[in-house]
Amino acid sequence: MENRRNFLKKSALASFSASSIISCDQELKNIKKEIPRIISTWNHGLAANNKAWEVLKSGKGGLLAVEEGVKVTEADPNVRSVGLGGYPDRDGIVTLDACIMDKNSNCGSVTYLQNIKHPISVARLVMEETPHVMLSGKGALDFAVSKGFKQENLLTEQSKKDWITWKEKSDYKPIINIENHDTISMLAIDENGDLYGACTTSGAAWKMHGRVGDSPIIGAGLFLDNEVGAAAATGLGEAIIKTSGSAMVVELMRQGHSPMQACKIIVDRISKLHKKGPEWDYLQVGFIALNKNGEYAGYSLRKGFNFSLCDEKNKDLLIDADYKIG
Ligand code: GLY
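Because the structure is a prediction, the values reported are computed rather than measured.

Visitor: Any chance you could explain helix α4 (residues 62-74) here in plain terms?
Guide: Given 3.6 residues per turn, any residue in an α-helix points the same way as the ones three and four places further on. The terminal C-alpha atoms of α4, which comprises 13 residues, lie 18 Å apart, in line with the 18 Å expected from a rise of 1.5 Å per residue. Those residues of α4 that sit buried are Gly-62, Leu-63, Ala-65, Val-66, Glu-67, Gly-69, Val-70, Lys-71, Thr-73 and Glu-74.

Visitor: Just checking my understanding: could you explain unusual backbone geometry for this structure?
Guide: For residues besides glycine, phi is generally negative; the peptide bonds are generally trans as well. The amide bond that connects Ile-35 to the next residue, Pro-36, takes the cis arrangement and shows omega of -5°. Turning to its location among the elements, Pro-36 is positioned in the loop between α2 (18-30) and β1 (37-41). One non-glycine residue, Trp-206, lies in the positive phi region at around 65°. One can find Trp-206 in the loop between β6 (195-201) and β7 (222-225). Note on Trp-206: relative accessible area 8%, which makes it buried.

Visitor: How should the sheet that holds strand β8 (residues 229-235) be read in this particular structure?
Guide: The pairing of strands in a sheet happens through backbone hydrogen bonds and is either parallel or antiparallel. Spatially, five strands are ordered β7-β8-β9-β10-β13 in an open sheet, and the strand pairing comes out mixed. In this open sheet, the two strands that pair with only one neighbour each are β7 and β13 (322-325). When the angles between neighbouring strand axes are averaged without regard to direction, this sheet yields 15°. Sheet topology note: the β7/β8 ladder contains four bridges and is antiparallel. For Phe-223, the partnering residue across the bridge sits in β8 and is Ala-231.

Visitor: What is the right way to look at the packing of helix α3 (residues 45-57) against α4 in this model?
Guide: Each pair of packed helices can be described by the angle between their axes along with the distance between the axes. At their nearest, the axes of α3 and α4 sit 7 Å apart, and the two run at 150° to each other. Here α3 is positioned roughly antiparallel relative to α4, judged by the angle of their axes. The two elements α3 and α4 cross, and the hand of that crossing is right-handed. Contacts from Ala-47, Ala-48, Lys-51, Ala-52, Val-55 and Leu-56 in α3 reach Gly-62, Leu-64, Ala-65, Glu-68, Gly-69, Val-70, Val-72 and Thr-73 in α4. Split into classes, the residues belonging to the contact of α3 with α4 amount to nine nonpolar, three polar and two charged.

Basis of the calculations
Residues numbered from 1 in each chain as written. Predicted model: local features only at pLDDT ≥ 70, side-chain atom pairs only at ≥ 80, totals over all residues. Heavy atoms only, no water. Helix = DSSP H or I, 4+ residues; strand = E, 2+ residues; numbered from the N terminus. Expected span 1.5 Å × (residues − 1). Buried < 20%, exposed > 50% of the residue type's maximum accessible area, 1.4 Å probe, protein only. Pairing = 2+ DSSP bridges. Axes fitted to C-alpha atoms, helices over the stretch in contact; angles between N-to-C directions. Parallel < 35°, antiparallel > 145°, perpendicular 65-115°, else oblique. Left-handed = near helix turned anticlockwise from the far one by under 90°. Contact = heavy atoms within 4.5 Å. Nonpolar A, V, L, I, M, F, W, Y, C, P; charged D, E, K, R; others polar.

Limitation: the analysis is restricted to geometry and does not speak to function.
Next up, the structure:
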């Protein structure tokens, strides 16, 4: 089987012919499916996965599962890069980005949203109740308020203290670790083999006011194609946007690459593009990917990225992702 897959992958790469792409899809259908399954970025994904799993198993659907799952992280003031308690921008203002996508390629997104604890739920309503995909800033906030969302201060005392300390040097240089710059991205495949994804963040700590990262951009921070698989990103949003990272990972899976191979190819591409740039010293990007059979992977540019897995056999599994540079 593996040889056959490799052959198909090579065929697709060599010619990109329609026939090899169709063959790959057929091949995927013949592999034993490992579903349902949920994967999420970082260790905060463990609690999020548990909630998502509970919703999925209760039969309420994959979309609600990923929404409720990442809401756990958004509400946790100890996660300093998502929702309540997230690090503010360099003006001391917490601004949030989020997006959500379903099996039918419906998607919704909010960017630069302030004072709303659950941007993912606003993103879902953008998807379900507007003719648009993205709402931003005041427009997103007005929409949220019109839908009954409560405005609240998301800058916790701890985040305010950290911001005041940062201001002493005002050195904008994201540090590669979980506490400074990451996102919760969650991918789920349900018992029917249908895919769902959600992604939410407060973005890079100390960013310029108005900056938006990859996380709310469909194709960059999150993408799925229900015929193929899903992918999502974490890390320096600018680098992920420049390669349309998540969409590319999904396209590579369509061509027959495994989730791991697809993530690696895009991380290599990002590495090549940024090697000579001033951001190279602090650049970190990571991807998670899940294909139509439930096969999954996580891979990052630098050591330190981990992701959480939940399925019938593993309820609380934290996996150190493979990486390019140790
Ligand atoms: N990946 C999150 C961001 O760059 O905002």
